[in-house]
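# Working through the structure, step by step
Each chain is listed here by its residues.
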Amino acid sequence: MKLGGMMPARILIAEDEEHIARLIEFKLRKDGWIAQIAPDGGQASSLLKTEDWDLLVLDIMMPVKDGWQVLRELRASAKNAAIPVLMLTAKGRTERLLAQDPAWGRFELLAKPFDPGTLSAHIRALLGEGA
Amino acid sequence: MDFESDEELKKIRDEFIASLAGRRRAFQICLAQVSAGSEPAQLRSILHRLAGAADTFEVKGLGAVAGQLEDQLEKGVAVAKLMDGIALLIDALQWTTENPKEAEAKIQSDPRWVRILTA
């Protein structure tokens, strides 16, 4: 949550696995952030274009558009080029190598299964918020 | 994570467990399509989602079986060679639906589990 009476950060959760998405949403709301779920990459892209977000939690394997496609579009858009992204992956190795490319911008990877406390810590760090 | 510590958390986990019967049916339909000649990509996708969700909700036996099968498919092992593990997964989905607390021990004591691990 942002300090000093500012509005809480708005976080978009792009995750197609319904129950994981709800678990993330629950944790983020409990920590004071505003959270909304996009159940596939296509809907995530639409919501990124039409609304303002402070951070994107992005699953990699999703229908319609995968996480890398959403991220490419995000970085190519003037509106969202700088949004920090927390990518969720069950396949750590390949993505960790890809993540070394600075062209992807500001993002971190979090392997599934993750501890919800670790998820919040990553988000706080990406948002530049204190613990 | 203690899913019993919060009513909402417990509800999400219970609903995940309740979803397993439908996932079992979807998996069986997909398996029939693959056996009839369809590409196994959809099967892999189901396994991927199941493994990720089961591990997240600490349904570990089921997550481990799904993860092992997904890894084997990713390595290019033919579905026909994984039928032993697939049968275990279908049983594991049933066992977890019926009694999630006992399912993990049941899966790990099943001889098919050892065969999957050593495949």
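Anyway, here's the lowdown on the structure attached to this text. All figures in this text were calculated on a predicted structure; none of them were measured in a lab.

## Quick notes on unusual backbone geometry
Backbone phi values are negative for most residues with the exception of glycine, while trans is the configuration of most peptide bonds. The omega angle of the peptide bond from Lys112(A) to Pro113(A) is -5°, so this bond is cis rather than trans. Relative to the assigned elements, Pro113(A) resides in the loop between strand S5 (107-111) and helix H5 (116-127). Positive phi values are uncommon outside glycine, yet Val64(A) reaches one of about 70°. Considering the arrangement of structural elements, one finds Val64(A) in the loop between strand S3 (55-59) and helix H3 (67-76). For Glu58(B), which is not glycine, the phi dihedral falls at a positive 60°.

## Examining helix H2 (residues 41-50) of chain A
Every α-helix carries 3.6 residues per turn, so stepping three or four residues along brings you back to the same face. Residues and elements named next belong to chain A. Taken together, the buried positions of H2 are Gly41, Ala44, Ser45 and Leu48. Axial view of H2: buried residues confined to an arc of 100°, hence all on one face. What points out from H2, more than 90 degrees from its buried face, is the exposed set Ser46 and Thr50. In this structure, the buried side of H2 is in contact with strand S1 (10-14), strand S2 (34-38) and H3.

## Brief notes about the sheet that holds S5(A)
All names here are of chain A. Read across the open sheet, the five strands follow the order S2-S1-S3-S4-S5; overall the sheet is parallel. Looking at strand neighbours, the two that pair on one side only are S2 and S5, the edges of this open sheet. Within the sheet, the average angular offset between the axes of one strand and its neighbour, ignoring direction, is 20°. Relative to S2, S1 is paired through five bridges, and the arrangement is parallel. Looking across to S2, one finds that Arg10 is bridged to Ile34. The strands touched by helix H1 (residues 18-30) within the sheet are S1, S2 and S3, with S2 carrying the most contacts at an inclination of about 170°. The sheet strands contacting H2 are S1 and S2, and the helix crosses S1 at an angle near 160°.

Cut-offs applied
Residues numbered from 1 in each chain as written. Chains lettered and ligands numbered in written order. Predicted model: local features only at pLDDT ≥ 70, side-chain atom pairs only at ≥ 80, totals over all residues. Helix = DSSP H or I, 4+ residues; strand = E, 2+ residues; numbered from the N terminus. Buried ≥ 20, exposed ≤ 12 C-beta atoms within 10 Å, placed from the backbone. Arc of directions from axis to C-beta. Contact = placed C-beta atoms within 7 Å. Pairing = 2+ DSSP bridges. Axes fitted to C-alpha atoms, helices over the stretch in contact; angles between N-to-C directions.

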